[in-house]
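Each chain, letter by letter, is given below.
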Amino acid sequence: MEFSQDDFDRLLVAEHTRKTAEVTYAKDPLDAENLTKWGGALLELAQFQTVADAKKMINDAISKLDEALGINPSKHETLWCMGNALSTTAFMTTDSDEAKVSFDKAAQFFQKAVDADPGNELYQKSLDVAAKAPELHMDFQKAAVSQQTMGGASSASSASTAPKKKKKSSDFKYDVFGWVILAVGIVAWVGMAKSHVPPPPSR
């Protein structure tokens, strides 16, 4: 996997957030905001891992977010972040029925986030996309299977259609993961901004 400078910067920010959250947790394990930052950082870091490691990291993130919701069940940032984690898990699952269970749970968390903060456009957008997620998942799986099938073909017709199929598969991938990645990134940046607000000037 090749990293751009932006990817590398995101990786550094997420790793710094994760380490800081871990230290803070040792001092105050009941800080729901810190646990949310930790879960968000793990989701961000998962993007740079192998599939197996990413799944473990996402499960760890879900555990942290679940812990945060146990402390503050109505914290909308945490509810929304949990929706993202469950959506990501669903898209990494090849079984449609299993994926649908995660999508349904994700939609419930997105709905709770919208209910808690109705004016938040990002939460509403996530809820809207969640409704289309099972269909996107099916299309993504079909495209992936089609791509694998065509990968073994050597005929001229297969060669001529492969780029189109590959592009379609890539488009689905970016449609699906783009909003999740963007959303998680925003949470990470907002979380860092909140934790690094400069003190007011002394008079």
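Residues numbered from 1 in each chain as written. Predicted model: local features only at pLDDT ≥ 70, side-chain atom pairs only at ≥ 80, totals over all residues. Heavy atoms only, no water.

A. Representation of the packing of aromatic side chains in the model. Evaluated as defined, the whole model comprises three aromatic pairs. Aromatic pair Tyr25 and Trp38: ring centres 5.4 Å apart, planes at 65°, arrangement edge-to-face. In this pair, Tyr25 sits in helix 1 (residues 5–27) while Trp38 sits in helix 2 (residues 32–46), placing the two residues 13 residues apart along the sequence. You can call Tyr25 partly exposed: its relative accessible area is 26%. The residue whose ring lies beneath Lys64 is Trp38, and the NZ or CZ to ring-centre distance is 4.5 Å. The ring of Phe109 has Lys112 lying over it, and the distance from NZ or CZ to the ring centre is 5.4 Å. (Phe/Tyr/Trp six-rings, centres within 6.5 Å; stacked < 30°, edge-to-face > 60°. Helix = DSSP H or I, 4+ residues; strand = E, 2+ residues; numbered from the N terminus. Buried < 20%, exposed > 50% of the residue type's maximum accessible area, 1.4 Å probe, protein only. Lys NZ or Arg CZ within 6 Å of the ring centre and 35° of its normal.)

B. View of the side chain of Thr36. Along the chain, the position of Thr36 falls in helix 2. Note on Thr36: relative accessible area 5%, which makes it buried. Of the polar contacts made by the side chain of Thr36, one reaches the backbone oxygen of Ala32; its length is 2.8 Å. What Thr36 contacts, discounting residues up to four positions off in sequence, is Leu65, Ala68, Lys75, Glu77 and Thr78. (Polar contact = N/O pair within 3.5 Å; in protein donor to acceptor, adjacent residues only side chain to side chain. Contact = heavy atoms within 4.5 Å.)

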